[in-house]
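Secondary and tertiary structure notes
The chain contents come next:
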Amino acid sequence: MPKDGITPVNRVALAYSGGLDSTVCIKLLEREYAAKEVILIMVDVGQGEASLAEARERVAGLPLQLITVDARREFTDEWIPRAVAANGSYGGYPLSSSMTRQLIAARVAEVAREQGCDAVAEGSTGKGNDQFRFHNTFTLLAPELRVVTPIRDLNLSRAGERRLAQEFGLTYKEGISDDKTCWGRAIGSGEIEDLEQDIDVNEYEWWHPVSADAAGPVRVTVEFREGRPVRVDDVKGMNEMIGMLNEVAGRRSIGRIDVVEDGIMGLKSREVYEAPAASVLLTAHRDLERLCLTKRELAFKAQVDTAWADLVYHGHWHHPLKAQLDAFIAESQRHVSGEITIDLHCGNAVIAGRRSDQSLFDPTVRSVERDSFDQSDMSAVVETYAFESVFLGGRNRRQAVIQAPEI
Ligand code: ARG
């Protein structure tokens, strides 16, 4: 029977990843919430076959229904291109887990409805950001379903969870936890409490340290059409391009991100990410925008991009304002087409060349070598432009006279 204050659930769909949190939740739903049926929903967002296989293995003996939803294409072909167009970055973090949590929640809500569930459950703790992302998405997309969060409700610490896992006979991986998506991997999120220490280089999957046997420099060309990456050298397809760049740029020490992050609750945490493909594609996209958008568009879009990242980080992917910003961003990308060439080497992704038939750069006017317009026409323009400085200078002079000490 459920404990005091905990209402029982009947048929519950659990967002399952195979990690310690969601694995412990299976048993807690049965024991603490008297769930009659727990349906595990595993959403594939590109965490890799090994991780999915491990998650399946972990529950192989249990009499439960496990439904796998393939959301890889949706993530790579619909979500990531929006993030690229928005230069999606929250203080340097490319929002990988922020996005996938909301994609997972959306799919879990959908399956839960199809399966006639009365509740959805997820394994967030009460300390992190993911609880907000799940809750916002669940309540927005499936308002009739109850949302159950066993780890938070029962105030479980990681040590408490480990004890429970042992008690339930569940296996779990020791060591630092991670959250892997093709757009980035979050390592030890909120777990790294020693700010002075680097994490072990062996924790990285794509990122390689610069060392004597480091891979040599490589040059890649990224083609964009209306703000969307369509080709990296001869590789096409979002998934394929991202896979290739995670490998090629990761080998050249690119995409290691170590930041102090301001979480949704206002708590700071040390976050370590590896995101080689995102680093390269975002660098290239930003550069192409600088070539194809006007000064005013760039300045305004920077504000829109910040608002976009903020909404996505704070769990509002499905918010109407986010859709409105997406509409602006899509319109802004109409002329963001062309090719950016980048050199990747020893942790640097440096722009080596740009080409676009939508470029606003005009060497015939700007070139100091050519006669383009009569420079003397600029005198009146510069003089009137300087009015502000003229008035400020005048005031400074008047004050200097007033305040001048008597001799
Ligand atoms: N700090 C990042 C974010 O809030 C990463 C979170 C990763 N989540 C996790 N449970 N490992 O989006």
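These numbers come from a predicted model, not from an experiment.

For the rest of this paragraph, the subject is helix H8 (residues 238–250). Spanning 13 residues, H8 covers 17 Å between terminal C-alpha atoms, matching the ideal 18 Å at 1.5 Å per step. When H8 is considered as a whole, its buried residues turn out to be Met 238, Met 241, Ile 242, Met 244, Leu 245, Asn 246, Val 248, Ala 249 and Gly 250. In the core, the buried residues of H8 are packed alongside helix H3 (72–85), strand S8 (218–225), strand S9 (228–232), strand S10 (235–236), helix H9 (276–292) and strand S13 (338–345).

Another point: the site of the ligand. In the vicinity of the ligand lie 14 residues, with Tyr 93, Asn 129, Arg 133, Glu 261 and Glu 271 positioned nearest. One of the side-chain nitrogen or oxygen atoms of Ser 98 is found 3.0 Å away from an oxygen atom of the ligand. In the environment of the ligand, a nitrogen atom lies 2.9 Å from a nitrogen or oxygen atom belonging to the side chain of Asp 130. Its free accessible area being 350 Å², the ligand has 87% of it covered by the protein chains. Put simply, the parts of the chain that give the shell around the ligand at least two residues each are helix H4 (96–114), helix H5 (130–141) and strand S12 (268–274). At three residues, H4 tops the list of elements feeding residues into the shell around the ligand. A breakdown of the residues in the shell around the ligand according to their chemical character gives four nonpolar, four polar and six charged.

Quick look at the sheet that holds strand S11 (residues 256–262) now. The antiparallel open sheet is built from four strands, whose spatial order is S6-S7-S12-S11. Both edges of this open sheet fall to strand S6 (178–181) and S11, since each of them pairs with a single strand only. Across the sheet, the axes of successive neighbouring strands diverge by a mean angle of 20°, strand direction being ignored. Across seven bridges, the pairing between S11 and S12 is antiparallel. In the strand pairing of S12, Asp 258 is matched with Val 272. Running over the sheet, H4 touches S6 and strand S7 (184–187) and is turned about 80° from S6.

The end-to-end C-alpha distance of helix H10 (residues 295–313), which contains 19 residues, comes to 27 Å, matching closely the 27 Å that a straight helix rising 1.5 Å per residue would cover. Of all the positions in H10, only Leu 298, Lys 301, Val 304, Asp 305, Trp 308, Ala 309, Leu 311, Val 312 and Tyr 313 are classed as buried. Elements in contact with the buried residues of H10: H3, H4, H5, S11, H9 and helix H11 (320–332).

Thresholds applied
- Residues numbered from 1 in each chain as written.
- Predicted model: local features only at pLDDT ≥ 70, side-chain atom pairs only at ≥ 80, totals over all residues.
- Heavy atoms only, no water.
- Helix = DSSP H or I, 4+ residues; strand = E, 2+ residues; numbered from the N terminus.
- Expected span 1.5 Å × (residues − 1).
- Buried < 20%, exposed > 50% of the residue type's maximum accessible area, 1.4 Å probe, protein only.
- Contact = heavy atoms within 4.5 Å.
- Near = heavy atom within 4 Å.
- Polar contact = N/O pair within 3.5 Å; in protein donor to acceptor, adjacent residues only side chain to side chain.
- Areas by Shrake-Rupley, 256 points an atom, 1.4 Å probe, with all protein chains shown as cover.
- Nonpolar A, V, L, I, M, F, W, Y, C, P; charged D, E, K, R; others polar.
- Pairing = 2+ DSSP bridges.
- Axes fitted to C-alpha atoms, helices over the stretch in contact; angles between N-to-C directions.

Note that every value here comes from positions in space, so none of it alone points to a role or purpose.
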